[in-house]
Structure formats: structure tokens, C-alpha cells
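Tertiary structure, described
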Amino acid sequence: VQLQASGGGLVQVGGSLRLSCAASGRYTIIKTMAWYRQAPGKQRELVAAITNVGSTNYADSVKGRFTISTDNGKNTVSLQMNSLKPEDTAVYYCNAQIINTDGILFGSWGQGTLVTVSS
């Protein structure tokens, strides 16, 4: 299963960006899709996650500013980022927890997409 992320870029403080990530390949179900980020010199951290039944979870630092969502087919996850701050600058990675056709749960990562918030 491959995850293809898109939507990063350069934005000014207070601006907005929308990231998207699409899953392709053979699988039975995607249990959870999530966005992580890694800033220079820091560990990768969870930004937001959404389950296949619509439950969401956000890092405290992005609550009220970021919104995670999936499409009806649930193989694409988006992250709407509003009121961006310089500290949101990072490489953003999408992740999916997937049950494959053999019934095995595994994780898959997309390539990173750089978000730069300039002041």
C-alpha cells in the first residue's frame, strides 16, 4: 500500500494550507489515518488522527486550528491547517494503519511534505 502526500508549501503567519494524502494498493480496511510532523532537531510527533469510524485526536498545540478529515471512500485523509504559526514549520508525514487482505495490521508512511511558516 502506498501513501501519496501533497499540499505542503510556504505560507505566512496566520495563513492556511491543506495537506492531502491518498492511499492506493490492495487492502481490506484502513483503520486509522494520521498526520505526523518532524521539525528540525526534534522528534516526530503526532499532529492529528482519524479512525475509520470518524473518531479524531489532535495534539494540544493544534487544537482549534487544524482539522483532519477523510473522504467518503476513506482512502484519502486531509489536514486543513489554519492560523499557522512559525512553530508549525516541519516536514509533515501521513500514516495509515491498515488491515491487509491477509487480515494483518500494518503501518504505512507517505513521503514527507514540507510546510514552512514564515514570519
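Above this text is the structure in question.
A quick note: this is a predicted structure, and the numbers were derived from the prediction, not measured.

**Topic: the side chain of Ser-78**
- Within the secondary structure, Ser-78 is located in strand 8 (residues 76-81).
- Since its relative accessible area comes to 9%, Ser-78 is described here as buried.
- Of the polar contacts made by the side chain of Ser-78, one reaches the side chain of Ser-20; its length is 3.4 Å.
- In this structure Ser-78 touches Arg-18, Leu-19, Ser-20, Trp-35, Thr-67, Ile-68 and Ser-69, once residues within four positions along its chain are discounted.

**Observations regarding the pattern of salt bridges**
- Under the counting rule described, the total for this entry stands at 4 salt bridges.
- Its salt-bridge partner being Arg-37, residue Asp-88 comes within 2.9 Å of it at the nearest N-O pair. Residue Asp-88 is found in the loop between strand 8 and strand 9 (90-99), and its partner Arg-37 is found in strand 4 (residues 29-38); the two are separated by 51 residues along the sequence.
- The class of Asp-88 is buried, set by a relative accessible area of 1%.
- The residue Lys-63 makes a salt bridge to Asp-60 at a minimum N-O spacing of 3.1 Å.
- The class for Asp-60 is exposed, based on a relative accessible area of 65%.
- Among the charged side chains, a network of salt bridges with common partners joins Arg-37, Glu-45, Arg-65 and Asp-88.

Rules used in this analysis
Residues numbered from 1 in each chain as written. Predicted model: local features only at pLDDT ≥ 70, side-chain atom pairs only at ≥ 80, totals over all residues. Heavy atoms only, no water. Helix = DSSP H or I, 4+ residues; strand = E, 2+ residues; numbered from the N terminus. Buried < 20%, exposed > 50% of the residue type's maximum accessible area, 1.4 Å probe, protein only. Polar contact = N/O pair within 3.5 Å; in protein donor to acceptor, adjacent residues only side chain to side chain. Contact = heavy atoms within 4.5 Å. Salt bridge = Lys/Arg side-chain N within 4 Å of Asp/Glu carboxyl O.

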